[in-house]
Amino acid sequence: MSTAAADPSGPTSPAHDSAFLRAARGQDVPHTPVWFMRQAGRSLPEYLRVREGVAMLDACMDPEMVVEITMQPVRRYGVDAAIFFSDIVLPLKAVGVDLDIVPGVGPVVAEPVRTLADVERIPELTPEHVGFITEAVRGLVGELGSTPLIGFAGAPFTVASYLVEGGPSKEHAKTKAMMFGAPEVWDALMRKIGRMAASYLEVQVAAGASAVQLFDSWAGALTPADYAEHVAPHSTAVLERAGALGVPRIHFGVGTANLLDLMGEAGADVVGVDWRTPLERAIPLVGDRAVQGNLDPTLVFAPTDVMTARAAQVIEAGRAARGHIFNLGHGVIPATDPDQLARLTEFVQGYPLEPR
Ligand code: 1CP
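Residues numbered from 1 in each chain as written. Predicted model: local features only at pLDDT ≥ 70, side-chain atom pairs only at ≥ 80, totals over all residues. Heavy atoms only, no water.

Chemist: Outline unusual backbone geometry, supporting the account with residue identities and numerical values.
Modeler: A cis amide bond links Gly293 to the next residue, Asn294, at an omega of -10°. One can find Asn294 in strand E8 (residues 290–295). A positive phi is found at Arg38, a non-glycine position, where the angle reads about 55°. Mapped onto the elements of the fold, Arg38 is located in the loop between helix H1 (19–25) and helix H2 (45–51). Owing to a relative accessible area of 46%, Arg38 belongs among the partly exposed residues under this scheme. One non-glycine residue, His172, adopts positive backbone phi at about 55°. Within the secondary structure, His172 sits in the loop between helix H8 (156–165) and helix H9 (173–181). For His172, a relative accessible area of 3% gives the class buried. (Helix = DSSP H or I, 4+ residues; strand = E, 2+ residues; numbered from the N terminus. Buried < 20%, exposed > 50% of the residue type's maximum accessible area, 1.4 Å probe, protein only.)

Structure (structure tokens):
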């Protein structure tokens, strides 16, 4: 697909000088930008109302609904970025893989991928498969004005895990069995999902997304050596293609204390850090890159003054990085009180930053 369109994070974009994009580039910011992974979703009563009687995948494929759900947390909290409402398995669904998102479970794949023939049966993604994504992103960028829109894709390892296991997994045992025991099948699968992720990000940026996040949520299940050999080259390939688009790239995983250096080297502009690793420890590992994170998502259940004291520590620690985008260390927990997230947003945006 053509990448000739203007960079949606570039100087002609209304979002160009937003605190979020400035922090991602390592430039000075008027305040620490803040958004929350899974800021749209079950913690919001307005989300539950819109989703009533509508299956998750149907919602993701309805541009009007995607625009509405993506805008909800932006309106409510005034966060510094919107994240496109979708799911990491959406591109697989779009090319025709038989899967569903089961309430209370997550993505479930009807026929798990185990052989080379299974891999070869998965079609390559083209922009025509995801016209509804283009339509939703265009609609959103128009509504968002100067607020940046983050596009996203699942990283090859995390998406492979759903395809190979057939659903959510703690151990990723079948996935790793393929990685260790059938390297040619693994390689073909990772290449195919990597091409799909990159094409999917290209579609979102071509339609106006001004940053992208690659979610490798389950990469923390790997040793550094296995990550480096079997996974990092494929994530690097995705991030390289995304890099050609000109927009900042965020690379995030959970439980990745041992992988932060490698995740940075994979080519990210911003490394997302989960709450288990203090930013003081993470920052020296990620090289000359910005960081994103990393308040423990359960701290929003604590008294407000306890939550904000911990948020202040995160902001202070983040100042040692090339740039810092405040976030939770993983997604918003569904039982979260939205008013507490509103207070957290206000606190982060109002926190005074002395010149460095
Ligand atoms: O902030 C937002 O607007 C959220 C948009 C979003 C994103 C970025 C959703 C909606 N899913 C995702 C990405 C995603 N999906 C990831 C990476 C991020 C992360 O680690 O949290 C992963 C691992 C998935 C897979 C998935 N989809 C799960 C996890 C299952 C497991 O293995 O434990 C679940 C529960 C889903 C369904 C889903 N996706 C999104 C929502 C709101 C839901 C819940 C379904 C519903 O509301 O009906």
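Chemist: Quick one: what's the story with the sheet that holds strand E6 (residues 249–252), residue by residue and with numbers?
Modeler: Strand order across the open sheet formed by seven strands is E1-E4-E5-E6-E7-E8-E9, with parallel pairing between neighbours. Two strands close off the open sheet at either side, each with one partner strand: strand E1 (82–83) and strand E9 (324–328). Across the face of the sheet, helix H10 (residues 183–206) comes into contact with strand E4 (149–154) and strand E5 (211–215) while running at roughly 165° to E4. (Pairing = 2+ DSSP bridges. Contact = heavy atoms within 4.5 Å. Axes fitted to C-alpha atoms, helices over the stretch in contact; angles between N-to-C directions.)

Chemist: Which residues make up the pairing of E9, and what values go with them?
Modeler: Put simply, side chains in a regular strand alternate between the two faces of the sheet. Burial of E9 is extensive: five of the five residues sit out of reach of the surface. Where burial is concerned, the two faces of E9 agree: the one with His324, Phe326 and Leu328 and the one with Ile325 and Asn327 are both buried. Where E8 and E9 come together, five bridges link them in parallel fashion. Looking across to E9, one finds that Gln292 is bridged to Ile325.

By themselves, these figures tell us nothing about what the structure is for.
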